[in-house]
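# Summary of the model geometry
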Amino acid sequence: MLAPEKLWWKPMGRMEKTWLTVAFVWCVFLTLMMPLWYFFGKQNVPTETYRVTREQYAAQVNAFVDQYKVGDENGIPVVAPPPGSDVYLRASTWQWYPILQLEKGQTYRLHVSSMDLQHGFSLQPVNINLQVIPGYDYVATIVPTSTGEFTIVCNEYCNLGHHTMVGKIIVK
Ligand SMILES: [Cu+2]
């Protein structure tokens, strides 16, 4: 009786060796880039995170809106907080609340939290991305560097109205 031919121990071809080497070097390069880019990429938003209940956060947002409201756009309040202050943004299905009006060159502590599901804060066109998670108050220290109207889109799929979840930050 004859054993089946053991194809697998044929030596590797030149092309196979070359491509395996290329793939291995690329893996090493990408692995090294992860920590390097973390420290040198200047992409990390300075952040702090705190535990908060939905009720506490909703109360903070409402107090903030009541204190600094300057207008209204389609039923959503426009809020102009003083420079250097804490500003609050609330995510819920499927709305960003309120509209923030900030001043160029001033520092703000931007709080974001969610009332229900996980949402994604994505500021366009500058492409700043933050996770928005219920139960957590996520604080990013921001300095707007250009004036105009910036759109906040949700980039974490949150069910049927996800694509309609659009908010706004105005910088003057
Ligand atoms: Cu969403």
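Okay, so let's go over this structure.

Conventions and cut-offs
- Residues numbered from 1 in each chain as written.
- Predicted model: local features only at pLDDT ≥ 70, side-chain atom pairs only at ≥ 80, totals over all residues.
- Helix = DSSP H or I, 4+ residues; strand = E, 2+ residues; numbered from the N terminus.
- Rg over C-alpha atoms; globule rule 2.2 N^0.38 Å.
- Buried ≥ 20, exposed ≤ 12 C-beta atoms within 10 Å, placed from the backbone.
- Contact = placed C-beta atoms within 7 Å.
- Pairing = 2+ DSSP bridges.
- Axes fitted to C-alpha atoms, helices over the stretch in contact; angles between N-to-C directions.
- Expected span 1.5 Å × (residues − 1).
- Arc of directions from axis to C-beta.
- Core = buried A, V, L, I, M, F, W, Y, C linked by C-beta atoms within 7 Å.

## Focus: the overall build of the protein
A tally of helices and strands in the protein yields two helices and twelve strands. Ordered by position from N to C terminus, the α and β elements of the protein give α-β-α-β-β-β-β-β-β-β-β-β-β-β. The C-alpha atoms of the protein give 24 Å as radius of gyration, which overshoots the globular expectation for 172 residues (16 Å, by more than 25%). Each principal axis of the C-alpha atoms in the protein carries an extent, and together these give about 90 × 35 × 30 Å. Per-residue burial for the protein yields a buried fraction of 20% across its 172 residues. Relative to all contacts within the protein whose residues are 6 or more apart in sequence, the contacts with residues 24 or more apart total 54%.

## Focus: the sheet that holds strand S2 (residues 69-73)
Across the sheet, seven strands lie side by side as S2-S3-S6-S12-S11-S8-S9; this open sheet has mixed pairing. Each end of this open sheet is capped by a strand with a single partner; those strands are S2 and strand S9 (128-132). In this sheet, adjacent strand axes meet at a mean angle of 25° when their direction is disregarded. Inspection of the sheet shows S2 paired to strand S3 (residues 76-79) by four bridges, in the antiparallel sense. Within S3, the residue paired with Gly71 across the bridge is Val78. Lying over the sheet, helix H2 (residues 54-68) contacts S2 and S3, oriented at roughly 65° with respect to S3.

## Focus: the sheet that holds strand S4 (residues 86-92)
Overall, mixed pairing links the five strands, which are arranged S1-S10-S7-S4-S5 in an open sheet. Edge positions in the open sheet fall to strand S1 (47-51) and strand S5 (95-97), since each of these has one partner strand only. Averaged over all pairs of adjacent strands, the angle between their axes in this sheet comes to 20°, without regard to strand direction. Contacts between H2 and the sheet are confined to S4, S5, strand S7 (108-114) and strand S10 (136-142), with S4 contributing the most and set at about 125° to the helix.

## What about H2?
Helical geometry: 3.6 residues make up each α-helical turn, so side chains three or four residues apart lie on a common side. The end-to-end C-alpha distance of H2 is 21 Å, a good match for the 21 Å that 15 residues give at a rise of 1.5 Å each. For H2, every residue scored as buried is listed here: Tyr57, Val61 and Phe64. Relative to the axis of H2, the buried residues are bounded by an arc of 65° and lie together on one face. Facing away from the buried side of H2 by over 90 degrees, the exposed positions are Glu55, Ala59, Ala63, Asp66 and Gln67.

## Re the nonpolar core
Counting residues in each nonpolar core, the largest one holds 25 residues, and the members touching the most others are Val87, Leu89, Leu100, Leu110, Val112 and Val132. For this core, the secondary structure elements donating two or more residues are H2, S4, strand S6 (99-102), S7, S9, S10 and strand S11 (148-154). A per-element tally of this core places S4 first, with four residues. If sequence neighbours within four positions are ignored, Leu100 has contacts with Val79, Val87, Leu89 and Ile169.

Purely geometric stuff here, so don't read any function into it on its own.
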